[in-house]
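# A look at the structure
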Amino acid sequence: MKIVVAYSGGLDTSVLLKWLKEKYNAEIIAYCADVGQADELDGLEAKALATGASKCYIGDLKETFARDYIYPMFQANALYEGRYLLGTSIARPCITKDMIDIAIKEGADAIAHGATGKGNDQVRFELAANALAPQLKVIAPWRDDEFRKQFPGRSEMIAYAESHGIPIRQSMKKPYSMDRNLLHISFEAGMLEDIWYDATTEKDRAMYVLSVSPEEAPDKPQYVQLLFEKGNVIGLATEGIENIMQETGVTAEGQRGEYTLLSPYGVMMVLNALGGKHGIGRIDIVENRFVGMKSRGVYETPGGTILLAAHRDLETLTVDREAQKVRDSLIPEYAAMVYNGFWFAPEREAIQALVTKTQETVNGEVRLKLYKGNVMQAGRRSPNSLYSEEIATMEGGYEELYNQNDATGFIALNGLRLKQFSRVNNK
(Lines give C-alpha, C1' and ligand atoms only; values in the text may rest on other atoms or scores of the structure.)
Protein backbone atom coordinates (compact mmCIF):
# COMPACT_ATOMS: atom_id res chain seq x y z
CA MET A 1 0.00 0.00 0.00
CA LYS A 2 1.19 3.51 -0.77
CA ILE A 3 -0.11 6.56 1.14
CA VAL A 4 0.59 10.24 0.50
CA VAL A 5 0.43 12.13 3.80
CA ALA A 6 -0.16 15.85 4.25
CA TYR A 7 2.93 16.70 6.28
CA SER A 8 3.96 19.90 8.05
CA GLY A 9 6.88 18.65 10.12
CA GLY A 10 5.12 19.43 13.39
CA LEU A 11 4.52 17.00 16.21
CA ASP A 12 1.09 15.83 15.04
CA THR A 13 1.96 15.02 11.44
CA SER A 14 5.32 13.51 12.38
CA VAL A 15 3.64 11.06 14.74
CA LEU A 16 0.85 10.47 12.25
CA LEU A 17 3.35 9.61 9.49
CA LYS A 18 5.06 6.97 11.62
CA TRP A 19 1.77 5.59 12.92
CA LEU A 20 0.32 5.16 9.44
CA LYS A 21 3.44 3.38 8.28
CA GLU A 22 3.17 0.89 11.13
CA LYS A 23 -0.59 0.35 11.03
CA TYR A 24 -0.92 -0.11 7.27
CA ASN A 25 2.55 -1.55 6.62
CA ALA A 26 2.63 1.04 3.86
CA GLU A 27 5.09 3.09 1.91
CA ILE A 28 4.60 6.67 3.06
CA ILE A 29 5.23 9.68 0.84
CA ALA A 30 5.23 13.01 2.65
CA TYR A 31 3.73 16.05 0.97
CA CYS A 32 3.98 19.65 2.05
CA ALA A 33 2.77 22.71 0.14
CA ASP A 34 4.65 25.97 0.34
CA VAL A 35 1.85 28.52 0.40
CA GLY A 36 3.91 31.14 2.19
CA GLN A 37 4.89 29.65 5.54
CA ALA A 38 8.35 31.24 5.30
CA ASP A 39 11.01 29.57 7.45
CA GLU A 40 8.57 26.98 8.82
CA LEU A 41 9.65 24.68 5.97
CA ASP A 42 13.36 24.72 6.81
CA GLY A 43 14.74 21.18 7.10
CA LEU A 44 11.38 19.61 6.32
CA GLU A 45 12.51 17.06 3.73
CA ALA A 46 15.29 15.70 5.91
CA LYS A 47 12.92 15.39 8.84
CA ALA A 48 10.30 13.56 6.79
CA LEU A 49 12.85 11.03 5.54
CA ALA A 50 14.24 10.56 9.05
CA THR A 51 10.71 9.90 10.31
CA GLY A 52 10.12 7.10 7.80
CA ALA A 53 8.90 8.63 4.56
CA SER A 54 10.32 7.18 1.35
CA LYS A 55 10.01 10.56 -0.39
CA CYS A 56 9.07 14.10 0.48
CA TYR A 57 7.54 16.52 -2.00
CA ILE A 58 7.44 20.23 -1.24
CA GLY A 59 5.18 21.98 -3.72
CA ASP A 60 6.07 25.60 -4.42
CA LEU A 61 2.53 26.96 -4.69
CA LYS A 62 3.05 30.58 -3.64
CA GLU A 63 2.33 32.09 -7.06
CA THR A 64 -0.45 29.59 -7.78
CA PHE A 65 -2.05 30.29 -4.43
CA ALA A 66 -2.02 34.05 -4.98
CA ARG A 67 -3.10 33.99 -8.64
CA ASP A 68 -5.66 31.18 -8.75
CA TYR A 69 -7.16 31.28 -5.26
CA ILE A 70 -6.56 34.55 -3.37
CA TYR A 71 -7.18 36.85 -6.34
CA PRO A 72 -10.45 35.24 -7.54
CA MET A 73 -11.77 35.21 -3.98
CA PHE A 74 -10.97 38.89 -3.49
CA GLN A 75 -12.67 39.73 -6.77
CA ALA A 76 -15.78 38.50 -4.98
CA ASN A 77 -15.10 40.56 -1.81
CA ALA A 78 -15.71 37.38 0.16
CA LEU A 79 -16.03 37.70 3.93
CA TYR A 80 -17.28 34.80 6.05
CA GLU A 81 -19.93 36.01 8.49
CA GLY A 82 -19.03 39.55 7.50
CA ARG A 83 -15.60 39.50 9.19
CA TYR A 84 -13.29 36.59 8.39
CA LEU A 85 -11.09 36.96 5.30
CA LEU A 86 -10.90 33.17 4.83
CA GLY A 87 -7.11 32.85 5.04
CA THR A 88 -6.99 29.21 6.16
CA SER A 89 -10.07 28.22 4.18
CA ILE A 90 -8.80 29.31 0.76
CA ALA A 91 -5.41 27.61 1.20
CA ARG A 92 -6.90 24.15 1.64
CA PRO A 93 -8.19 23.54 -1.92
CA CYS A 94 -4.89 24.81 -3.33
CA ILE A 95 -2.91 22.40 -1.14
CA THR A 96 -5.23 19.46 -1.73
CA LYS A 97 -5.16 19.79 -5.51
CA ASP A 98 -1.37 19.66 -5.69
CA MET A 99 -1.22 16.81 -3.20
CA ILE A 100 -3.69 14.79 -5.25
CA ASP A 101 -1.65 15.44 -8.39
CA ILE A 102 1.35 13.91 -6.57
CA ALA A 103 -0.72 10.95 -5.35
CA ILE A 104 -1.87 10.19 -8.89
CA LYS A 105 1.66 10.59 -10.24
CA GLU A 106 2.99 8.19 -7.59
CA GLY A 107 0.19 5.67 -8.07
CA ALA A 108 -0.85 5.97 -4.43
CA ASP A 109 -3.78 4.02 -3.00
CA ALA A 110 -4.73 6.65 -0.45
CA ILE A 111 -4.09 10.09 0.91
CA ALA A 112 -4.10 11.01 4.60
CA HIS A 113 -4.36 14.19 6.63
CA GLY A 114 -3.93 15.22 10.25
CA ALA A 115 -7.02 17.39 10.61
CA THR A 116 -9.01 16.72 13.75
CA GLY A 117 -12.58 15.49 13.82
CA LYS A 118 -13.74 18.74 15.41
CA GLY A 119 -12.52 21.21 12.82
CA ASN A 120 -13.29 22.53 9.36
CA ASP A 121 -10.09 21.36 7.65
CA GLN A 122 -11.13 17.70 7.54
CA VAL A 123 -14.19 18.73 5.55
CA ARG A 124 -12.29 21.05 3.21
CA PHE A 125 -9.62 18.46 2.52
CA GLU A 126 -12.00 15.61 1.85
CA LEU A 127 -14.57 17.54 -0.19
CA ALA A 128 -11.77 18.75 -2.45
CA ALA A 129 -10.50 15.18 -2.76
CA ASN A 130 -14.00 13.93 -3.57
CA ALA A 131 -14.32 16.49 -6.35
CA LEU A 132 -10.86 15.94 -7.85
CA ALA A 133 -10.07 12.24 -7.32
CA PRO A 134 -13.04 10.20 -6.08
CA GLN A 135 -11.07 6.99 -6.68
CA LEU A 136 -8.58 7.76 -3.88
CA LYS A 137 -9.20 6.54 -0.36
CA VAL A 138 -8.92 9.22 2.34
CA ILE A 139 -7.51 8.27 5.75
CA ALA A 140 -8.23 10.54 8.72
CA PRO A 141 -6.46 9.15 11.83
CA TRP A 142 -8.10 11.63 14.22
CA ARG A 143 -11.43 9.96 13.39
CA ASP A 144 -9.92 6.54 14.17
CA ASP A 145 -10.79 5.31 17.69
CA GLU A 146 -7.51 3.40 17.89
CA PHE A 147 -5.46 6.52 17.13
CA ARG A 148 -7.30 8.70 19.66
CA LYS A 149 -7.04 6.04 22.34
CA GLN A 150 -3.28 5.83 21.81
CA PHE A 151 -2.84 9.61 21.70
CA PRO A 152 -5.34 11.27 24.05
CA GLY A 153 -2.99 14.25 24.49
CA ARG A 154 0.23 15.90 23.38
CA SER A 155 2.31 14.33 26.13
CA GLU A 156 1.57 10.87 24.68
CA MET A 157 2.59 12.12 21.24
CA ILE A 158 5.87 13.51 22.56
CA ALA A 159 6.60 10.23 24.34
CA TYR A 160 5.82 8.25 21.16
CA ALA A 161 8.08 10.49 19.08
CA GLU A 162 10.95 10.12 21.52
CA SER A 163 10.59 6.35 21.72
CA HIS A 164 10.51 6.01 17.91
CA GLY A 165 13.41 8.34 17.22
CA ILE A 166 11.24 10.98 15.57
CA PRO A 167 13.08 14.32 15.59
CA ILE A 168 10.90 16.89 17.32
CA ARG A 169 11.38 20.39 18.61
CA GLN A 170 7.87 20.40 20.03
CA SER A 171 7.23 21.26 23.64
CA MET A 172 4.35 22.76 25.58
CA LYS A 173 5.82 26.27 25.20
CA LYS A 174 3.17 27.79 22.93
CA PRO A 175 -0.30 27.55 24.49
CA TYR A 176 -2.06 27.97 21.13
CA SER A 177 -2.01 26.56 17.60
CA MET A 178 -0.93 28.51 14.53
CA ASP A 179 -1.55 28.26 10.80
CA ARG A 180 0.36 30.51 8.43
CA ASN A 181 0.21 31.18 4.72
CA LEU A 182 0.60 34.04 2.25
CA LEU A 183 -2.78 35.54 3.12
CA HIS A 184 -2.79 35.34 6.91
CA ILE A 185 -1.79 33.67 10.13
CA SER A 186 -4.34 32.27 12.57
CA PHE A 187 -4.15 31.53 16.29
CA GLU A 188 -6.55 29.16 18.02
CA ALA A 189 -6.88 26.93 21.09
CA GLY A 190 -4.97 27.15 24.34
CA MET A 191 -5.68 30.32 26.30
CA LEU A 192 -7.77 31.62 23.37
CA GLU A 193 -10.49 29.09 24.18
CA ASP A 194 -11.43 31.44 27.01
CA ILE A 195 -13.51 33.91 24.99
CA TRP A 196 -13.08 36.62 27.65
CA TYR A 197 -9.29 36.42 27.34
CA ASP A 198 -7.79 39.67 26.02
CA ALA A 199 -5.20 38.85 23.33
CA THR A 200 -4.29 42.49 22.69
CA THR A 201 -2.17 43.11 25.79
CA GLU A 202 1.59 43.30 26.16
CA LYS A 203 1.53 39.77 27.60
CA ASP A 204 0.79 38.28 24.17
CA ARG A 205 2.91 40.65 22.12
CA ALA A 206 5.20 37.81 21.01
CA MET A 207 2.29 35.77 19.64
CA TYR A 208 1.82 38.01 16.61
CA VAL A 209 3.99 37.36 13.59
CA LEU A 210 2.88 39.52 10.66
CA SER A 211 2.01 42.80 12.34
CA VAL A 212 2.82 45.23 15.11
CA SER A 213 0.04 46.44 17.37
CA PRO A 214 -1.63 49.72 16.32
CA GLU A 215 -0.09 51.31 19.43
CA GLU A 216 3.40 50.43 18.18
CA ALA A 217 2.76 51.48 14.56
CA PRO A 218 4.47 54.60 13.17
CA ASP A 219 3.06 57.99 14.16
CA LYS A 220 3.28 59.10 10.53
CA PRO A 221 0.74 57.75 8.01
CA GLN A 222 1.82 56.16 4.74
CA TYR A 223 0.08 56.33 1.40
CA VAL A 224 -0.08 53.40 -0.99
CA GLN A 225 -1.56 53.34 -4.49
CA LEU A 226 -2.86 50.16 -6.11
CA LEU A 227 -3.18 49.71 -9.87
CA PHE A 228 -6.00 47.38 -10.92
CA GLU A 229 -6.66 45.52 -14.13
CA LYS A 230 -9.92 43.54 -14.41
CA GLY A 231 -10.30 43.41 -10.66
CA ASN A 232 -6.75 42.30 -9.89
CA VAL A 233 -3.89 44.39 -8.53
CA ILE A 234 -0.99 44.42 -10.97
CA GLY A 235 1.12 47.25 -9.55
CA LEU A 236 1.87 49.23 -6.41
CA ALA A 237 3.32 52.66 -5.67
CA THR A 238 4.44 53.71 -2.20
CA GLU A 239 7.38 55.32 -0.49
CA GLY A 240 10.24 52.88 0.06
CA ILE A 241 8.84 50.09 -2.11
CA GLU A 242 12.32 49.15 -3.31
CA ASN A 243 13.42 48.45 0.27
CA ILE A 244 10.29 46.40 0.95
CA MET A 245 10.87 44.32 -2.17
CA GLN A 246 14.46 43.71 -1.19
CA GLU A 247 13.45 42.64 2.32
CA THR A 248 10.76 40.28 1.05
CA GLY A 249 12.74 38.89 -1.91
CA VAL A 250 10.21 40.14 -4.45
CA THR A 251 11.23 40.99 -8.02
CA ALA A 252 9.54 43.64 -10.16
CA GLU A 253 7.92 42.61 -13.44
CA GLY A 254 8.22 46.06 -14.99
CA GLN A 255 7.24 49.67 -14.52
CA ARG A 256 4.15 51.59 -15.61
CA GLY A 257 4.44 55.25 -14.80
CA GLU A 258 4.86 55.56 -11.05
CA TYR A 259 3.76 51.96 -10.48
CA THR A 260 6.04 48.99 -9.90
CA LEU A 261 4.46 46.01 -11.64
CA LEU A 262 4.37 42.83 -9.54
CA SER A 263 3.06 39.27 -9.76
CA PRO A 264 0.12 38.37 -7.48
CA TYR A 265 2.59 36.81 -5.04
CA GLY A 266 4.72 39.96 -5.12
CA VAL A 267 1.69 42.13 -4.47
CA MET A 268 0.68 40.08 -1.43
CA MET A 269 4.20 40.12 0.00
CA VAL A 270 4.55 43.89 -0.30
CA LEU A 271 1.05 44.57 1.06
CA ASN A 272 1.69 42.21 3.99
CA ALA A 273 4.84 44.13 4.84
CA LEU A 274 3.08 47.49 4.57
CA GLY A 275 0.04 46.42 6.53
CA GLY A 276 2.10 44.73 9.20
CA LYS A 277 4.22 47.83 9.67
CA HIS A 278 1.11 49.93 10.33
CA GLY A 279 -0.72 47.45 12.58
CA ILE A 280 -3.40 46.62 10.02
CA GLY A 281 -5.45 43.44 9.76
CA ARG A 282 -5.77 42.05 13.28
CA ILE A 283 -9.16 40.64 14.22
CA ASP A 284 -10.48 38.54 17.10
CA ILE A 285 -13.71 36.69 16.31
CA VAL A 286 -16.02 33.88 17.35
CA GLU A 287 -17.13 32.04 14.23
CA ASN A 288 -19.46 29.20 13.36
CA ARG A 289 -17.62 26.10 12.21
CA PHE A 290 -19.24 23.97 9.52
CA VAL A 291 -19.38 20.97 11.89
CA GLY A 292 -21.73 22.89 14.18
CA MET A 293 -19.72 24.40 17.03
CA LYS A 294 -18.57 27.95 17.63
CA SER A 295 -14.85 28.63 17.88
CA ARG A 296 -12.70 31.63 18.71
CA GLY A 297 -9.82 32.68 16.48
CA VAL A 298 -7.35 35.54 16.32
CA TYR A 299 -6.17 36.43 12.83
CA GLU A 300 -3.54 38.63 11.19
CA THR A 301 -4.38 39.50 7.58
CA PRO A 302 -2.50 42.73 6.83
CA GLY A 303 -2.18 42.54 3.04
CA GLY A 304 -5.63 41.09 2.52
CA THR A 305 -7.24 43.86 4.56
CA ILE A 306 -5.63 46.49 2.34
CA LEU A 307 -6.49 44.60 -0.84
CA LEU A 308 -10.15 44.24 0.11
CA ALA A 309 -10.50 47.92 1.02
CA ALA A 310 -8.98 49.01 -2.29
CA HIS A 311 -10.98 46.60 -4.42
CA ARG A 312 -14.30 47.52 -2.86
CA ASP A 313 -13.52 51.21 -3.28
CA LEU A 314 -12.72 50.91 -6.99
CA GLU A 315 -15.86 48.87 -7.59
CA THR A 316 -18.01 51.74 -6.31
CA LEU A 317 -16.70 53.73 -9.25
CA THR A 318 -16.70 51.15 -12.04
CA VAL A 319 -19.43 48.52 -11.49
CA ASP A 320 -23.05 49.07 -12.48
CA ARG A 321 -25.38 49.36 -9.48
CA GLU A 322 -27.72 46.53 -10.41
CA ALA A 323 -24.92 44.20 -11.52
CA GLN A 324 -23.21 44.81 -8.19
CA LYS A 325 -26.45 44.19 -6.31
CA VAL A 326 -26.89 40.80 -7.98
CA ARG A 327 -23.26 39.85 -7.37
CA ASP A 328 -23.31 41.00 -3.76
CA SER A 329 -26.49 39.05 -3.01
CA LEU A 330 -24.56 35.85 -3.74
CA ILE A 331 -21.38 36.64 -1.83
CA PRO A 332 -22.46 35.46 1.65
CA GLU A 333 -23.21 32.09 0.05
CA TYR A 334 -19.93 32.19 -1.90
CA ALA A 335 -17.97 32.93 1.28
CA ALA A 336 -19.70 30.05 3.07
CA MET A 337 -18.75 27.75 0.17
CA VAL A 338 -15.09 28.70 0.57
CA TYR A 339 -15.24 28.32 4.34
CA ASN A 340 -17.03 24.98 4.19
CA GLY A 341 -14.78 23.42 1.55
CA PHE A 342 -16.81 23.67 -1.65
CA TRP A 343 -14.20 25.48 -3.77
CA PHE A 344 -14.34 22.84 -6.51
CA ALA A 345 -18.13 22.55 -6.40
CA PRO A 346 -20.12 23.55 -9.53
CA GLU A 347 -22.09 26.19 -7.64
CA ARG A 348 -18.93 28.06 -6.58
CA GLU A 349 -17.60 27.93 -10.12
CA ALA A 350 -20.92 29.26 -11.44
CA ILE A 351 -20.85 32.24 -9.08
CA GLN A 352 -17.19 32.81 -9.95
CA ALA A 353 -18.16 33.16 -13.62
CA LEU A 354 -20.59 35.93 -12.65
CA VAL A 355 -17.92 37.58 -10.50
CA THR A 356 -15.43 37.45 -13.38
CA LYS A 357 -17.93 39.16 -15.67
CA THR A 358 -18.41 42.03 -13.21
CA GLN A 359 -14.65 42.56 -13.04
CA GLU A 360 -14.21 43.46 -16.72
CA THR A 361 -14.56 47.15 -15.91
CA VAL A 362 -12.71 47.18 -12.58
CA ASN A 363 -9.68 48.99 -13.95
CA GLY A 364 -7.92 51.97 -12.45
CA GLU A 365 -6.18 53.26 -9.37
CA VAL A 366 -6.95 53.51 -5.67
CA ARG A 367 -5.03 55.56 -3.12
CA LEU A 368 -5.17 54.50 0.53
CA LYS A 369 -3.81 56.02 3.71
CA LEU A 370 -2.43 53.57 6.28
CA TYR A 371 -2.30 54.71 9.88
CA LYS A 372 -2.26 52.84 13.19
CA GLY A 373 -4.45 49.91 12.22
CA ASN A 374 -6.66 51.93 9.90
CA VAL A 375 -7.07 51.81 6.12
CA MET A 376 -8.54 55.09 4.88
CA GLN A 377 -9.74 55.82 1.35
CA ALA A 378 -7.86 58.77 -0.14
CA GLY A 379 -8.81 58.77 -3.83
CA ARG A 380 -9.74 56.64 -6.79
CA ARG A 381 -9.80 57.08 -10.58
CA SER A 382 -10.57 54.88 -13.56
CA PRO A 383 -10.90 54.96 -17.35
CA ASN A 384 -14.12 53.00 -16.74
CA SER A 385 -15.48 55.43 -14.15
CA LEU A 386 -19.28 55.69 -14.10
CA TYR A 387 -19.05 58.82 -11.98
CA SER A 388 -19.86 62.09 -13.75
CA GLU A 389 -19.12 65.33 -11.97
CA GLU A 390 -21.43 67.13 -14.40
CA ILE A 391 -24.36 64.88 -13.43
CA ALA A 392 -23.58 64.75 -9.70
CA THR A 393 -22.73 68.43 -9.16
CA MET A 394 -24.92 70.52 -6.88
CA GLU A 395 -24.13 73.57 -9.02
CA GLY A 396 -26.34 74.73 -11.84
CA GLY A 397 -26.02 73.80 -15.47
CA TYR A 398 -25.86 70.52 -17.39
CA GLU A 399 -29.66 70.19 -17.40
CA GLU A 400 -29.38 68.20 -20.60
CA LEU A 401 -27.62 65.45 -18.61
CA TYR A 402 -29.99 65.49 -15.63
CA ASN A 403 -33.25 67.42 -15.45
CA GLN A 404 -34.37 67.69 -11.85
CA ASN A 405 -37.99 67.96 -12.97
CA ASP A 406 -37.82 64.33 -14.06
CA ALA A 407 -37.67 63.29 -10.41
CA THR A 408 -41.34 64.29 -9.98
CA GLY A 409 -42.65 61.45 -12.12
CA PHE A 410 -40.00 59.06 -10.74
CA ILE A 411 -41.16 59.68 -7.18
CA ALA A 412 -44.84 59.51 -8.14
CA LEU A 413 -44.51 56.09 -9.75
CA ASN A 414 -42.42 54.68 -6.91
CA GLY A 415 -44.85 56.06 -4.38
CA LEU A 416 -47.98 54.70 -6.08
CA ARG A 417 -47.96 51.32 -4.31
CA LEU A 418 -47.25 52.96 -0.94
CA LYS A 419 -50.23 55.28 -1.33
CA GLN A 420 -52.51 52.41 -2.31
CA PHE A 421 -51.36 50.21 0.56
CA SER A 422 -52.02 53.06 2.97
CA ARG A 423 -55.49 53.74 1.51
CA VAL A 424 -56.52 50.10 1.94
CA ASN A 425 -54.96 49.29 5.29
CA ASN A 426 -54.80 52.52 7.26
CA LYS A 427 -58.47 53.47 7.31
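Now for a description of the structure that goes with this document. (Residues numbered from 1 in each chain as written. Predicted model: local features only at pLDDT ≥ 70, side-chain atom pairs only at ≥ 80, totals over all residues. Heavy atoms only, no water.)

### Topic: the sheet that holds strand E3 (residues 55-60)
Pairing in this open sheet of five strands is parallel, and the strands run E3-E2-E1-E4-E5 from one edge to the other. Each of the sheet's edge strands pairs with one partner strand only, and the pair in question is E3 and strand E5 (137-139). Direction aside, the axes of adjacent strands within the sheet are offset by 25 degrees on average. In the sheet, strand E1 (residues 2-6) pairs with strand E2 (residues 27-34) via five bridges, with the strands oriented parallel. Looking at E2, one finds that Val-5 is bridged to Ala-30. On top of the sheet, helix H2 (residues 44-51) reaches E2 and E3; it is set at about 155 degrees to E3, its chief contact. Across the sheet, helix H4 (residues 87-106) is in contact with E1, E2, E3 and strand E4 (110-112); its angle to E2 comes to roughly 145 degrees. (Pairing = 2+ DSSP bridges. Helix = DSSP H or I, 4+ residues; strand = E, 2+ residues; numbered from the N terminus. Axes fitted to C-alpha atoms, helices over the stretch in contact; angles between N-to-C directions. Contact = heavy atoms within 4.5 Å.)

### Structural notes on the packing of helix H11 (residues 321-340) against helix H12 (residues 346-358)
For the pair H11 and H12, interaxial distance at closest approach is 10 Å and the crossing angle is 145 degrees. Here H11 and H12 pass one another in a crossing that is left-handed. In this structure, H11 contributes Ala-323, Val-326, Arg-327, Leu-330, Ile-331, Tyr-334 and Met-337 to the contact, and H12 contributes Glu-347, Arg-348, Ile-351, Gln-352, Leu-354, Val-355 and Thr-358. Classifying every residue of the contact of H11 with H12 by side-chain character gives nine nonpolar, two polar and three charged. (Left-handed = near helix turned anticlockwise from the far one by under 90°. Nonpolar A, V, L, I, M, F, W, Y, C, P; charged D, E, K, R; others polar.)

### Examining the sheet that holds strand E9 (residues 232-238)
Read across the open sheet, the six strands follow the order E10-E11-E9-E8-E14-E15; overall the sheet is antiparallel. The open sheet has two free edges, formed respectively by strand E10 (254-256) and strand E15 (374-381), since each of these has just one partner strand. In this sheet, adjacent strand axes meet at a mean angle of 30 degrees when their direction is disregarded. In the sheet, E9 pairs with strand E11 (residues 259-261) via two bridges, with the strands oriented antiparallel. Residue pairing in the sheet places Leu-236 in a bridge with Thr-260 of E11. Each of strand E8 (222-229), E9, strand E14 (364-371) and E15 touches helix H10 (residues 302-318); the most contacted strand, E15, lies at about 35 degrees to it.

### With respect to the packing of aromatic side chains
The description of an aromatic ring pair uses the distance of the two centres, along with the angle that the planes make with each other. Within the structure shown, the criterion is met by eleven aromatic pairs. Pairing Phe-147 with Phe-151 gives two aromatic rings, centres 5.0 Å apart and planes at 55 degrees, and the pair type is tilted. Grouping residues by exposure puts Phe-147 and Phe-151 together as buried. A ring pair is formed by Phe-187 and Tyr-208, whose centres lie 5.9 Å apart and whose planes are at 70 degrees; its orientation type is edge-to-face. Of this pair, Phe-187 sits in strand E7 (residues 185-188) while Tyr-208 sits in the loop between E7 and E8, and the two are 21 residues apart along the sequence. (Phe/Tyr/Trp six-rings, centres within 6.5 Å; stacked < 30°, edge-to-face > 60°. Buried < 20%, exposed > 50% of the residue type's maximum accessible area, 1.4 Å probe, protein only.)

### Thoughts on unusual backbone geometry
Despite not being glycine, Glu-81 shows a phi value in the positive range, around 50 degrees. You can see Glu-81 is positioned in the loop between helix H3 (62-75) and H4. Accessibility expressed as a relative area gives 40% for Glu-81, which makes it partly exposed. Backbone geometry at Lys-230 places phi at a positive 50 degrees, although glycine is not the residue there. If you trace the backbone, Lys-230 turns up in the loop between E8 and E9.

### Re the pattern of salt bridges
Under the defined criterion, the tally for this structure stands at 26 salt bridges. Between Glu-146 and Lys-23 there is a salt bridge; the shortest N-O distance is 3.4 Å. Linking Glu-146 in helix H6 (residues 145-150) with Lys-23 in helix H1 (residues 11-24), this pair joins segments that are 123 residues apart in sequence. Owing to a relative accessible area of 45%, Glu-146 belongs among the partly exposed residues under this scheme. Lys-23 sits in the partly exposed class, given a relative accessible area of 36%. (Salt bridge = Lys/Arg side-chain N within 4 Å of Asp/Glu carboxyl O.)

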